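A closer look at the structure
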Amino acid sequence: MKKRKNKRAQAGSGEGSDSLHIPVKSLFHCPPQEQISRLSCAMASLADAVYITDLNHKIIYANPAIEAINGYRPSEVIGKSASDFFEDIPGNPPDLAGLIKRDAKDGFWIGEIYNRRKDGSIFPVQLIENIIFGEDGEIQGYIGISRDITQNRRDKRELAESREKYRLLTESSLTGIYIISKTGELLFVNQTFKMISGYSDEDLLGKNMFKLIHPDDVNWVKELVARRLKGEGAPMR
């Protein structure tokens, strides 16, 4: 689990922090009821699940996205404890709610945890928990933003697997394989290339490949590289 916290600014000021510490009236220059309406509309348009809790972490508001992410209609979660969605899930720290409350007391908490859908399935989310301060600087409640990162985790896993397959393919190849930058610096060489050239990683990586080529062939190889970068075929010799 990754987490980060931030210290809040002084009550009523914008100094010392980028955490949420904005008096409600400063959000909109309009009557309080209209402020609430505008804020609710803004939250309703978000793709991430947003919920607001009281000081005991009981949910008092949830936006419509919570249904797509957690499977609950907003009305079904009102009155529930926010911890119902993540407590007692393998992979989450014990007493996660207490940990968040302690670490977020001076600002906000952000981390990657596991969450529970209505059907009981478990999935990873990025959770941002921020304190809501009143105009007098007292804590009024908490606002949480939960983003489903299942696809992000899957993409990272597939990328890591792809890289490993590529590494195994290049290292087992009997052909010398190298990767160079647009200006000719060697970025990668496989074991076979090192065996053929007689050089080590230290000798090759970061060095200009054209310095390893016979002077009579340098111009042809440069033209070959330029054409390959453009998606064209090899030049005739």
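Residues numbered from 1 in each chain as written. Predicted model: local features only at pLDDT ≥ 70, side-chain atom pairs only at ≥ 80, totals over all residues. Heavy atoms only, no water.

In regular strands, side chains alternate between the two faces of the sheet. Relative to strand β5 (residues 122-133), strand β4 (residues 107-116) is paired through nine bridges, and the arrangement is antiparallel. What sits directly across from F108, in β5, is N130. The loop that links β4 with its antiparallel partner β5 comprises five residues; one of these, G120, has a positive phi angle of about 95 degrees. Across nine bridges, β5 lies against strand β6 (residues 139-148) in antiparallel orientation. (Pairing = 2+ DSSP bridges. Helix = DSSP H or I, 4+ residues; strand = E, 2+ residues; numbered from the N terminus.)

Our next topic: the side chain of T170. Residue position: T170 is located in helix α5 (residues 150-172). Aside from chain neighbours lying at most four places away, what touches T170 is I177, F188 and N190. (Contact = heavy atoms within 4.5 Å.)

Phi is positive for H57, which is not a glycine, with a value near 65 degrees. With respect to the helices, strands and loops of the structure, H57 is situated in the loop between β2 (49-53) and β3 (59-62). A relative accessible area of 14% means that H57 is categorised as buried. You will see that D88, though not glycine, has its phi angle at about 60 degrees, which is positive. Within the secondary structure, D88 is located in the loop between α3 (74-77) and α4 (96-103). On the accessibility criterion, D88 (75% relative accessible area) is exposed. (Buried < 20%, exposed > 50% of the residue type's maximum accessible area, 1.4 Å probe, protein only.)

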